[in-house]
Each structure stands twice: as structure tokens, then as C-alpha cells.
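Structural overview
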Amino acid sequence: MKLLVGTTKGLVVFEEKDGEWSIKDHYFLGMPVSTIYVDERNNIWWASLAHRHWGQKLHYSEDEGKTWPPVAPPKYPAGSLLASGKAAKLKKIWSIQADGKAGGKGIYVGTEPGGLFYKPDLSAPFSLVESLWNHPSRSDNNQWFGAGRDHPFLHSIEIHPDNPDHIYIAVSCAGVFESKDGGKSWEPKNRGLIAAYLPNPDVEVGHDPHMMHICKSNPEVIWQQNHCGIFRSTDGGENWKLLSDPKKVPHYGFALTIDHDNPDRAYVIPALSDEMRIAPDLALRVYLTEDGGRSWEALTKGLPQANCFDIIFRHSFDIAGQKLAFGSSTGNLYLSEDGGESWNCLSSSLARIDSLCFIP
């Protein structure tokens, strides 16, 4: 098994052999690797780089990292305008997701400022999904807006495991949207979510999901870590239920991962608050629910419980069976091989970790 770790100073590949984990390779040394994705259909590795001076770059590897050909990143077509009336330009690639078509190589990419792009194969260019970009809610009273960024950003793309035309996306700030026709049309799916920072917390559009996952074994169940709490839907996103208490931990945070074989099992790693993005009580804790969010258990064995300032970003937490891994803003990488009961620090000397994923 391998673990790909995207850091602000390159992509680091850890490998497990004979029960021991060690660094096998590293790529893009010194470069900020912001998003890592592995297409399970064909084992193509994708890496997006967020260069400060040269902008967004996108690479793929069909030989497990030996070569990394570049591809032209998404580009907003002429006439694509922001709410301000300025021309839209790619600021960052936030998410990459296979299109779900068996045997194919098509991918979706979510961007800032709030675009969804589709690439049907490795040689074809990206095209903007115009139906989402031109959704009435984007231009209607600025219901799409930045959350800690200048612009909205599309960070979660989920494909229904039984139907590649059934797509969910999550945008900060706008909310969750669903398409059942391959992206031709979109409907907001935010009933039950709370936008506590707005005059009307029950708005249809204007919510701030931080991370969203659909359960592969039961796709009616969808989880999200939201700016305003932890939410779960059991009816395919039609209704959301708040699972957390604003006065307790866990509540606020970014990182969420779920057990795809058990729709009632999920993990979150909380932060203290939006204003104070540090570990609550300066103690690093992973929280587990096994009853659909009715109760949460703190998992702490092997994790620092004092003077810890780590924050875990939205794409820096992954699961593969009983193995879990997460990376922090301070370059610490933690691994559990027993479902979170105990943790080991694989490295404390990496750069800031922005994304990671297991490869079985």
C-alpha cells in the first residue's frame, strides 16, 4: 500500500512493506502540491500545483510517478464573468474526481472561482460546465461568495456509485448542488443546513460546506463537515440533519472521512472555531461516530494532548479499510492501522500538508 502526501514543498510517497512505512519517492520538490487524486479505474495519479508566480499547473502519471506529463489546466472561456463583472480567471484547482464511467479516463475538476470543468479523456481539453456556472443563484443577489477566500470555490465532487450522470458538488460559499442528468441542470440541496453568519440562516443558497462525502455502499447517505456544524442526509441530500452542538466538540472543522461499508460510521477532526483555527484545548483529537452522529468518541492514543497547534485541512484525511491517515498544517503526518484506536506519527518534518490519499 502507498500513501500520497501533497505538501507545499512537493509530493511525498510513503510505502508500506512488511508492516513498516517509509518514504519511497518524492516529486515536484520545492513546489506547492495542493491537490492529489488517484483514479481507481486505471491507477492514474493526478497532481495539481499552486505556483505563486506561474499559476495553476496540472500533471498526471500513468506509471506510478515515474513520469508526469503536464496537461493544460482549466480555462474559463471568454465571457465568463464574476459577480463584480470582471472576467473569471483560474485561481486554484480545489478538487479532482473521476466521472464514474467504467473503463474511461474522464475527470471533473472543481476550481476557484466556483467552476466545474470536465475533461472526457487525457487528450481532450477541459470544458466549463456552463449550466452550473450560469445557475441563477450565482448572479441572484450574490448568493455565491468567498469563504475565507476572495471567491467561491468548488472543493467536493461526488458521483453516485450506480449512475455517473448523478452528481453532487459542494461550494464554499453556496452550498450543495445536485445534477441527475450529467450536469445539464442543477438543483440546490441545502434544506436543513444552517448559515448562522447570514441574516437568514435558512437560505436556499449561501451555505458553507467544508467537505462532503457520499457513502458508496448506501448512496442515500451523505455526510458533510460544514462551517456551522456536522450534517448528514439519509435521503440523498433532500434533507440535512445537524449532528453536532455549537457549544461542544466536535462541531467546527474541515476534515471529514467516512466508512464506505458502514453508512453510520464517520470520522472528523475538529478545530476550535473559525476565528481560532487551532486544536480545541490544544489537544489533537479524532472523533468517531458509529451510530450516525448521535454520539461521538474522542480517539487520542498516540496523538499530542497538550500544546498542539495542528489544523487538518479538508483534503488531508483519508481512509482505507482499518487504515486512516491525516496530515497537518505544521507538517505532521499521522497513521492509524486499527480504525483510529491508536496513532503513530509517520513524519514530523514535512511541509504543510494540503492533501493526501491511500493507494491499496
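Residues numbered from 1 in each chain as written. Predicted model: local features only at pLDDT ≥ 70, side-chain atom pairs only at ≥ 80, totals over all residues. Heavy atoms only, no water.

1. Side note on the overall build of the protein
Looking only at helices and strands, the protein has two helices and 28 strands in total. The C-alpha radius of gyration of the protein comes to 19 Å, within 12% of the 21 Å expected for a compact globule of 360 residues. Projected onto its principal axes, the C-alpha positions of the protein cover 50 × 50 × 40 Å. Expressed as a percentage of its 360 residues, the buried residues of the protein come to 57%. Contacts in the protein between residues far apart in sequence, at least 24 positions, make up 47% of those at least 6 positions apart. When the accessible surface of the protein is totalled, it reaches about 15,300 Å², and 48% of it is carbon and sulfur. Considering the protein, the positive charge centre built from 35 side chains and the negative charge centre built from 44 side chains are found 6 Å apart. (Helix = DSSP H or I, 4+ residues; strand = E, 2+ residues; numbered from the N terminus. Rg over C-alpha atoms; globule rule 2.2 N^0.38 Å. Buried < 20%, exposed > 50% of the residue type's maximum accessible area, 1.4 Å probe, protein only. Contact = heavy atoms within 4.5 Å. Areas by Shrake-Rupley, 256 points an atom, 1.4 Å probe, with all protein chains shown as cover. Lys, Arg positive; Asp, Glu negative; His and termini not counted. Charge placed at Lys NZ, Arg CZ, Asp CG, Glu CD.)

2. Observations concerning the pattern of salt bridges
In total, this model carries 17 salt bridges according to the counting rule given. Among the ionic pairs, R149 bridges to E112, the shortest N-O distance being 2.7 Å. Separated by 37 residues along the polypeptide, R149 in the loop between α2 (136-139) and β12 (153-159) and E112 in strand β9 (residues 107-112) bring together distant segments of the chain. Taking relative accessible area as the criterion, E112 reaches 3% and is therefore assigned buried. For the salt bridge of K189 with E178, the shortest nitrogen-to-oxygen distance reads 3.6 Å. With K189 in the loop between β15 (187-188) and β16 (209-214) and E178 in strand β14 (residues 175-179), this residue pair connects regions lying 11 residues apart in the sequence. A cluster of three or more residues bridged by salt bridges with shared partners is formed by K2, E15 and E64. (Salt bridge = Lys/Arg side-chain N within 4 Å of Asp/Glu carboxyl O.)

3. Focus: the sheet that holds β9
Spatially, the four strands line up as an open sheet ordered β8-β9-β10-β11, and their pairing is antiparallel. Here the strands that pair on one side only, and so sit at the sheet edges, are β8 (92-98) and β11 (127-128). The pairing of β8 with β9 spans six bridges and is classified as antiparallel. Paired with S95 across the strands is G110, a residue of β9. (Pairing = 2+ DSSP bridges.)

4. Looking at the layout of surface pockets
Of the pockets and cavities examined, the largest pocket occupies roughly 1,300 Å³. Those elements that place two or more of their residues in the lining of the largest pocket are β4 (33-39), β8, β12, β16, β20 (253-258), β24 (317-320) and β28 (353-359). Here the lining of the largest pocket is built from residues that sort into 22 nonpolar, 16 polar and nine charged. Quantified by volume, the second largest pocket comes out at close to 990 Å³. Along the walls of the second largest pocket sit 38 residues, with K92, W94, R149, R352 and D354 positioned nearest its centre. Taken together, the elements giving at least two residues each to the lining of the second largest pocket come down to β4, β5 (44-51), β6 (55-61) and β8. Taken together, the residues that form the lining of the second largest pocket break down as 13 nonpolar, 14 polar and 11 charged. (1 Å grid on protein atoms, 1.4 Å probe; cavity = no way out; pocket = protein on both sides within 12 Å on 5 of 7 lines; lining within 4 Å. Points joined across faces, edges and corners; volume = space filled by probe spheres on them. Nonpolar A, V, L, I, M, F, W, Y, C, P; charged D, E, K, R; others polar.)

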